[in-house]
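Here is how the chains run, residue by residue.
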Amino acid sequence: MFINATQLTQNRAPSDASSVAFQVAIKQQKEFEEALKSSQDRREAEAAAERAQAEAQREAARAKVLSSSDPSAANLDSRPRGNASEAAQNGDTRGASVDLEI
C-alpha cells in the first residue's frame with residue numbers, strides 16, 4: 001500500500017524560495033561560527049606560545065645575569081621587593097622620608 005513512502009519523506013524539497021534562503025543562511029552562519037572559533041583558538045594558542053617563549057627568554061637572561069661575574073648585577077633579583085616599611089627594615093631606605101625633631 002505505502003510503496004516508496006520513505007523516499008518521499010527523504011527527498012522532500014522546500015516549499016518555496018524563502019525556505020531555501022533560510023536554510024542557506026543558517027548553514028553559512030554555522031560555517032562562519034566554526035571558522036571564527038577555530039581562528040580564535042589558533043590566536044590563543046599562538047599568544048600562549050609567545051608568552052612561553054618570552055618567559056623562557058627572561059629566565060635565560062636572568063640566569064645569564066646571575067652567572068655573570070658582576071656582583072652588583074647578581075644582587076638585583078635578591079633585593080627585597082616589599083613595601084616601604086619592609087625596605088626600611090632591610091636597610092634599603094632610598095626614597096624614604098624621615099621626620100626629625102630638633
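What you are looking at is a predicted structure, and each value in this text was computed from that prediction instead of being measured.

### Section: the overall build of the protein chain
Alright, step 1. The secondary structure content of the protein chain amounts to four helices and zero strands.
Alright, step 2. When the helices and strands of the protein chain are read in sequence order from the N terminus, they spell out α-α-α-α.
Alright, step 3. Across the 102 residues that make up the protein chain, the buried fraction comes to 4%.
Alright, step 4. As displayed, the protein chain has an accessible area near 9500 Å², and 54% of this comes from carbon and sulfur atoms.

### Details of the pattern of salt bridges
Where charged atoms from two side chains of opposite charge approach closely, those side chains can pair.
Alright, step 1. Enumeration over the complete set of coordinates arrives at four salt bridges.
Alright, step 2. Salt-bridge contacts for Lys-37 lead to Asp-41; the nearest nitrogen and oxygen are separated by 3.3 Å. Remark: Asp-41 and Lys-37 occur in helix 2 (residues 17-67); sequence separation between them is four residues, near one turn of the helix.
Alright, step 3. Take Lys-37: its relative accessible area is 49%, and that puts it in the partly exposed class.
Alright, step 4. Here Asp-41 falls in the partly exposed class, since its relative accessible area comes to 35%.

### Points about the confidence of the model for the protein chain
Reading fine detail from the predicted coordinates is not recommended where pLDDT is low.
Alright, step 1. Put simply, the protein chain has an average pLDDT of 76, and 53% of its residues get 70 or more.
Alright, step 2. Of all the helices and strands in the protein chain, helix 3 (residues 71-74) carries the lowest mean pLDDT, 50, while helix 2 carries the highest, 94.

Cut-off values and rules
- Residues numbered from 1 in each chain as written.
- Predicted model: local features only at pLDDT ≥ 70, side-chain atom pairs only at ≥ 80, totals over all residues.
- Heavy atoms only, no water.
- Helix = DSSP H or I, 4+ residues; strand = E, 2+ residues; numbered from the N terminus.
- Buried < 20%, exposed > 50% of the residue type's maximum accessible area, 1.4 Å probe, protein only.
- Areas by Shrake-Rupley, 256 points an atom, 1.4 Å probe, with all protein chains shown as cover.
- Salt bridge = Lys/Arg side-chain N within 4 Å of Asp/Glu carboxyl O.
- pLDDT = per-residue confidence, 0-100.

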